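What the coordinates show
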Amino acid sequence: MALNSRQAVIGAVVLVVLGVAAYAGWRAVRDDDEDPPAKPDLTAELEATGLTLYEIRLRDAVPDKLKVRDGRVEINYTEDGSYAWSTSLAPAPKGNLCVVLEVDPAGHCEYADGVMRYTFEEMSDAAVVRGDTLLRIGALVTEVDPELLDEAVTALQEAPVVSPEELAGSGRG
C-alpha cells in the first residue's frame, strides 16, 4: 500500500510532535531529579532585601518558584505536582494587618494576638509579623479544608529562620 503525499506529511508532523513531547517529558523528569543549587544572583537579591528570611513549611507542599520583587520575597508552592498556595516575606508594617494590608472589605478579616486571618468565599490568607518581617500565606482553599487556615498560621509562627543560600536553594527561581 503506497502512501500519498498527504499521508506522508501527516506522518512526519506526528513524528515531530511525538519527538518534542518525549523531549519535554525527559526534561521534566530530569529537572525533578536534580536539586537545584542556590543561584548566586538570587542569593544576592535575597541578601539585598535586608529581611530576616524564613522557610515556611506547610503539609507536603514544596517551594516551586521563588522571586524577589520590590524588596519582597514571593514563593509559590506545589503539592502533588499542582499549585497549592503562595507565600511572601516583606518588611513588617505597623498596626492592624487587616487595615495596613488593605484586604478586600467584601471578605471577613480578623486581627488578634498578632495574627491576621482573612477569608473571602472559599479562599483564605494568613499573616504574622516576626521581628522585622511580615510572613504571609495566601490562596488557601479552605472551603473544603477548614483546618488549613489554622495550620497555615502555625506554619507562619513556627517557620525557621534560614540563610539566603538556603532559601535560594529551596525554590527553582
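Attention here is on the structure that accompanies the text. (Residues numbered from 1 in each chain as written. Predicted model: local features only at pLDDT ≥ 70, side-chain atom pairs only at ≥ 80, totals over all residues. Heavy atoms only, no water.)

Moving on, we get to the pairing of strand E7 (residues 133-141). On a regular strand, one side chain projects to one face of the sheet and the next to the other, so that they alternate. Direction of pairing for strand E3 (residues 82-91) relative to E7: antiparallel, over a ladder of 6 bridges. Directly across from Pro91, in E7, lies its bridge partner Thr133. What sits between the antiparallel neighbours strand E6 (residues 123-130) and E7 is a turn of 2 residues, in which Gly131 has the positive phi angle 65°. (Pairing = 2+ DSSP bridges. Helix = DSSP H or I, 4+ residues; strand = E, 2+ residues; numbered from the N terminus.)

Under the defined criterion, the tally for this structure stands at 1 disulfide. Disulfide pairing is shown between Cys98 and Cys109; the S-S distance is 2.0 Å. Taking the sign of the torsion about the S-S bond as the criterion, the disulfide between Cys98 and Cys109, at about -85°, is left-handed. In this pair, Cys98 is assigned in helix H3 (residues 97-100) and Cys109 in strand E4 (residues 108-112), connecting sequence segments 11 residues apart. (Disulfide = S-S within 2.5 Å.)

The next subject is the pairing of E3. Where strand E2 (residues 72-79) lies against E3, 7 bridges are found, and the strand directions are antiparallel. Residue pairing for E3: Ile75 is matched across the bridge by Thr87. Counted along the chain from E2 to the antiparallel partner E3, the turn is 2 residues long, and its residue Asp80 has a positive phi close to 55°.

Inspection of every chain in the model, using the stated rule, returns 8 salt bridges. Among the salt bridges present, the one from Glu74 reaches Arg72, with a minimum N-O distance of 3.5 Å. A salt bridge links Arg136 to Asp125, with the nearest nitrogen and oxygen atoms 3.5 Å apart. Here Arg136 is found in strand E7, whereas its partner Asp125 is found in strand E6, with 11 residues between them in sequence. Assessed through its relative accessible area of 18%, Asp125 is described here as buried. Through salt bridges with shared partners, one network takes in Arg59, Asp145 and Glu151. (Salt bridge = Lys/Arg side-chain N within 4 Å of Asp/Glu carboxyl O. Buried < 20%, exposed > 50% of the residue type's maximum accessible area, 1.4 Å probe, protein only.)

In this structure, Lys65 sits in strand E1 (residues 62-69). Given a relative accessible area of 47%, Lys65 falls into the partly exposed group. Distance in space between the C-alpha atoms of Lys65 and Thr78 is 9.1 Å, their sequence separation being 13 residues.

Below, the discussion takes up the nonpolar core. Ranked by internal contacts, the top residues of the largest apolar core, which has 32 residues, are Leu46, Val73, Trp85, Leu89 and Leu167. With 6 residues, helix H4 (residues 147-158) is the largest single contributor of residues to this core. Judged by nonpolar contacts, the second largest core, of 8 residues, contains Val103, Met116, Tyr118 and Ala127. (Core = buried A, V, L, I, M, F, W, Y, C linked by side-chain atoms within 4.5 Å.)

Turning our eyes to something else, we now look at the side chain of Thr133. Within the secondary structure, Thr133 is located in strand E7. Within polar-contact distance, the side chain of Thr133 engages the backbone oxygen of Thr52 at 3.0 Å. Polar side-chain contacts of Thr133 include one of 2.8 Å to the side chain of Asp132. Excluding residues that lie within four positions of it along the chain, Thr133 makes contacts with Leu51, Thr52, Tyr54, Leu89, Ala90, Ala92 and Val128. (Polar contact = N/O pair within 3.5 Å; in protein donor to acceptor, adjacent residues only side chain to side chain. Contact = heavy atoms within 4.5 Å.)

Within the open sheet, the 7 strands sit side by side as E1-E2-E3-E7-E6-E5-E4. Their pairing is antiparallel. Whereas interior strands pair on both sides, the edge strands pair on one side only; in this sheet they are E1 and E4. Between one strand axis and the next, the sheet turns through 15° on average, direction left out of account. The pairing of E4 with strand E5 (residues 115-120) spans 5 bridges and is antiparallel. (Axes fitted to C-alpha atoms, helices over the stretch in contact; angles between N-to-C directions.)

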